Amino acid sequence: MNHPTNIYLLGILMLFLQNCSEHDVNSSDVGQTKADMESSTTDTSIALSAKKDSIKWMLRNFNRCESIAPSNCTKQFSDLFGIYLNKGQYGDALSLVLSFEAKNLNDTLDQRKWSLYSKIALYNQMGNFQESLKFNDSLQVLSKHFENEGILIYAMRNRAMLYQKLGNPEKSYRILDSLLYSNERLDDFQKTQLINDLGMYAFYIGNYNMAINHYRTSFELSKGRADRAEFKGLYHANSAEAYIELKDYTAATRHLDSFYSLDQSLIPYPLRKSVFKYELRLAKAEDWGNERTEQLLDKLSKDQQQFYEDRYKKELDALSLEKEKTQKLFIEKQEVIVNRLEQRNRFFLLGGILILLIVGIFFNNYRQRKEHQVDVLLNQQRLLRTQMNPHFIFNTLSSLHHLIETNSGQASKYVLRFSRLLRRVLQNSMNNEVLLSDELSVIKDYLNLQQLRFPHRFKYSLFVDERIETEMVSIPPMLIQPFVENALEHGFGQISHVGHVQIAVKMDHNQPERFITCIITDDGSGLRTHSKKGFKSTSIQLISDFLKKRTGQEVKIINKDPDCGTGVIVELKIPIT
């Protein structure tokens, strides 16, 4: 059973990633899904997190904010904390919180509440929900001490979320139900959020009719809001899923049709993605047939392409904005230095200006070289991802088309596994770096999917050096899968025996703190019978060029020693962080 779409529960993490000038905890977060919150798939600025020089600059400003501009400390802290949290750098995030708590700021409430927000977010992200709940209790005490109604409502809703994660949706429901009917000072928007949350927890409990009633009531209260289209989409998506659970497919179809009658450009992509999953479930339940299933997959492909185009534009805009900020800061620093020098005598002023010009020219040249190197690597990595995703989706849809024509029953299973795999591939490809454990999990899902397509063609094995902490190491995504695909499609295409592909991930002998080595071995027909397209494709060439610039070493693709039989060995040196 999927998770219902929720108006609020993107989680505390969004507080640090919205770049909100007033740090308002009562943001709507319309269209986010509970599943997205649990998997911590957060849309922060890729440009900001990728540029290490920018992070160093932000940290330097935060360390000095207490003496320069105390009012900006909270904003600088929340931005930097959000980056650490999004990158999984939990140790750096906790150290930053301790530094923030030690600062002597004027606004005691603001400092204390953001300290608690950050700890709740950190332990929630790490999966330690009991520890997160403990700090959330402290937040409730703080809200009552300062008689702050907004913080209290936020803390109560977050408490309900944590109990849901701990497997107790009944308690989550009771918490919000008590809050809704015991607090007479709630405005309509707060009631809208709480009632929608009650619908979600009623869904978790299994009371789908009650969930539908709550969704309808929340929808009625949202009338007159500027983001009405998003509320409509949320209402129809939630109701459709509840009716699917009730097996009332007519009502579910009616709500899905109402959802698609809305202007889709106003609907967030995660909400559209959730509705697509509901359609797949409805297609399976009502046995729509192969033609309608293919139409659904075609719609997903187009929606995903549009999402990537929009996201790429946002990334370019973010890079341009960051560059402008850096240039503006550099100019401001020069003006400050010049103003101070003017207060001294002429002799020291002339000498200082000369030194400043020399340092400025050197710094500007150094900064331009660094920015150029970062821009080249980021653009090359984006180009690689935009090449790999359509290539992967095209090959998988081609396989699905073949199964639909030959074995419709097997095709249904393939569609479900493909949708889960596609979701993970899209999540990984939206980041410059992903955890090694996530990338290997996608490889295993892909191999299992191919075994469903070719039950007796091959088997596989995966070995990871026990010294590598896969949950702590990050790598660029979609580097290993194309070589595994080559082994299956070309290496095993013309053999009579059951093929075997081996994937080994090992520590790099020379620089284990910077690189890992991945070796992919198959016992297929070897390089001489492989098609040129298989090993000279654009995607393979892009990966090789990218890794050579990042590691200084090309991808090695050679035939196995004849004494060991036929087959190919591929060796990649991959950068880690």
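The numbering scheme is per chain: residues are counted from 1 as the chain's sequence reads. Per-residue local features are limited, in this predicted model, to residues with pLDDT of at least 70; the limit for side-chain atom pairs, both in listing and counting, is 80 or more; totals at the level of whole chains, interfaces and linings are taken over all residues. Only heavy atoms go into the side-chain values, all of them from the structure, while hydrogens and water stay out.

A. Spatial organisation of the overall build of the protein chain. A count of helices and strands for the protein chain gives 21 helices and seven strands. Looking at the protein chain residue by residue over its 577 residues, the buried ones come to 51%. Contacts are assigned to residue pairs with any non-hydrogen atoms lying within 4.5 Å of each other. Pairs at least 24 residues apart make up 70% of the contacts formed inside the protein chain by residues separated by at least 6 positions. When the accessible surface of the protein chain is summed, it comes to about 28100 Å², and 50% of that surface belongs to carbon and sulfur atoms. Per the convention used, a helix needs a DSSP run of H or I reaching at least four residues, while a strand needs a run of E reaching at least two, with both numbered from the N terminus. Burial classes: relative accessible area under 20% of the type maximum marks a residue as buried, over 50% as exposed, and values in between as partly exposed (1.4 Å probe, protein chains only). Exposure was quantified through the Shrake-Rupley algorithm and a 1.4 Å probe, taking into account, for residues, occlusion by the shown protein chains and nothing else.

B. Up close: the pattern of salt bridges. Salt bridges are defined by distance alone: a side-chain nitrogen of Lys or Arg within 4 Å of a carboxyl oxygen of Asp or Glu. This model, assessed by the stated rule, comprises twelve salt bridges. Linking aspartate 137 and arginine 159 is a salt bridge whose minimum nitrogen-to-oxygen distance equals 2.4 Å. Of the two residues, aspartate 137 is situated in helix 7 (residues 129-145) and arginine 159 in helix 8 (residues 149-165); the sequence distance between them amounts to 22 residues. Among the ionic pairs, arginine 281 bridges to glutamate 245, the shortest N-O distance being 2.3 Å.

C. Structural detail: the pairing of strand 4 (residues 499-507). Paired strands are those between which DSSP finds at least two bridges. In this sheet, strand 4 lies alongside strand 2 (residues 458-464) in parallel orientation, the contact comprising seven bridges. Paired with leucine 462 across the two strands is isoleucine 503, which belongs to strand 4. Here strand 4 runs beside strand 5 (residues 515-522); their pairing, made up of seven bridges, is antiparallel. Directly across from alanine 504, in strand 5, lies its bridge partner isoleucine 519.

D. Geometry of the sheet that holds strand 5. In spatial order, the strands read 2-4-5-7-6; together these five strands make up an open sheet with mixed pairing. Every other strand in the sheet has two partners, leaving strand 2 and strand 6 (556-559) as the edge strands with one partner each. Going across the sheet, the axis of each strand differs from the next one's by a mean of 15 degrees, ignoring polarity. Taken strand by strand, helix 18 (residues 436-453) contacts strand 2, strand 4 and strand 5, and its axis lies near 170 degrees from that of strand 2. Fitting a line to C-alpha atoms yields each axis, with helices limited to the stretch in contact; the angle taken between N-to-C directions then spans 0 to 180 degrees.

E. Looking closely at the packing of helix 13 (residues 249-260) against helix 14 (residues 269-286). Where helix 13 meets helix 14, the axes come as close as 11 Å, and the angle between the chain directions of the two elements is 150 degrees. At the point where helix 13 passes helix 14, the crossing takes the left-handed sense. Here Tyr249, Ala252, Thr253, Leu256, Phe259 and Tyr260 of helix 13 come into contact with helix 14, specifically with Leu271, Arg272, Val275, Phe276, Glu279, Leu282, Ala285 and Glu286. Within the contact of helix 13 with helix 14, the residues separate by chemical class into ten nonpolar, one polar and three charged. Left-handed describes a crossing in which the near helix is turned anticlockwise from the far one by less than a right angle; the clockwise case is right-handed. Charged residues are taken to be Asp, Glu, Lys and Arg, nonpolar residues to be Ala, Val, Leu, Ile, Met, Phe, Trp, Tyr, Cys and Pro, and polar residues to be all remaining types, Gly included.

F. Quick peek at the packing of aromatic side chains. Classification of ring pairs uses Phe, Tyr and Trp, with its six-membered ring standing for Trp, and accepts pairs whose centres are within 6.5 Å; under 30 degrees between planes counts as stacked, over 60 as edge-to-face, and the remaining range as tilted. Counted by the stated rule, this structure contains eleven aromatic pairs. Aromatic pair phenylalanine 62 and phenylalanine 77: ring centres 6.3 Å apart, planes at 35 degrees, arrangement tilted. Here the residue phenylalanine 62 occupies a position in helix 3 (residues 52-68), and phenylalanine 77 occupies one in helix 4 (residues 73-87), the gap between them amounting to 15 residues. Taken individually, phenylalanine 62 and phenylalanine 77 each receive the classification buried, so the pair is uniform in this respect.

G. Focus on helix 7. Given a rise of 1.5 Å per residue, 17 residues ought to cover 24 Å, and the 24 Å separating the end C-alpha atoms of helix 7 matches this to within 8%. Along helix 7, the residues classified as buried are Phe129, Ser132, Leu133, Phe135, Asn136, Leu139, Gln140, Leu142 and Ser143. For helix 7, the buried positions fall inside an angular range of 165 degrees around the axis, keeping them on one side. Among the exposed residues of helix 7, those oriented more than 90 degrees off its buried face are Gln130, Val141, Lys144 and His145. Taken together, the buried residues of helix 7 touch helix 6 (108-126) and helix 8. Immediately beyond the C-terminal end of helix 7, within one or two residues, lies glutamate 147, with a positive phi of roughly 55 degrees. For a helix, the expected span equals 1.5 Å multiplied by the residue count minus one. What the arc describes is the spread of directions from the helix axis to the C-beta atoms.

H. Structural view of a positive patch on the surface. Two distance rules govern patches: like charges are joined within 9 Å, and nonpolar side chains (Val, Leu, Ile, Met, Phe, Trp, Tyr) within 5 Å, applied only to residues with over 30% relative accessible area and no salt bridge. Positive charge is attributed to Lys and Arg, negative charge to Asp and Glu, and no charge count is given to His or to the chain ends. For charged residues, the charge sits on one atom: NZ in Lys, CZ in Arg, CG in Asp, CD in Glu. A contiguous patch of positive charge, built from Lys284, Lys413, Arg417 and Arg420, is present on the exposed surface. Of note, lysine 413 is situated in helix 17 (residues 408-429).

I. Broad picture of a nonpolar patch on the surface. Together, Ile355, Val359 and Phe363 line one region of the surface with nonpolar side chains, adding up to about 280 Å² of accessible area. For valine 359, the location among the structural elements is in helix 16 (residues 346-406). What makes valine 359 partly exposed here is its relative accessible area of 47%.

J. Focus on the nonpolar core. Membership of the largest hydrophobic core comes to 97 residues, with the highest contact counts inside it found for Ile520 and Leu572. Residues contacting isoleucine 520, with those up to four places away along its chain left out, are Ile480, Phe483, Val484, Val501, Gln502, Val568, Ile569, Val570 and Leu572. Among buried residues, those of type Ala, Val, Leu, Ile, Met, Phe, Trp, Tyr and Cys that are joined through side-chain atoms within 4.5 Å constitute a nonpolar core. Formed by 30 residues, the second largest nonpolar core is a distinct cluster that contains Val97, Leu109, Ile120 and Phe135.

K. Spotlight on the environment of serine 172. Here serine 172 lies in helix 9 (residues 169-182). Along the sequence, serine 172 and isoleucine 205 sit 33 residues apart, while their C-alpha atoms lie 9.9 Å from each other. Those residues in contact with serine 172 that sit more than four places away from it in its chain are Ala160, Tyr163, Gln164 and Tyr201. Engagement of the side chain of serine 172 in a polar contact is seen with the backbone oxygen of alanine 160, the distance being 2.6 Å. What qualifies as a polar contact is a pair of N or O atoms within 3.5 Å, subject to a donor-acceptor requirement within protein and to the restriction that residues adjacent in sequence count only when both atoms come from side chains.

L. Focus on unusual backbone geometry. Even without a glycine there, the phi angle at glutamate 147 is positive, about 55 degrees. Looking at the element boundaries, glutamate 147 is found in the loop between helix 7 and helix 8. For glutamate 147, a relative accessible area of 73% translates into the label exposed. Phi at lysine 247 takes a positive value of approximately 65 degrees, unusual for a residue other than glycine. With respect to the helices and strands, lysine 247 occurs in the loop between helix 12 (228-245) and helix 13. Judged by its relative accessible area of 60%, lysine 247 is exposed.

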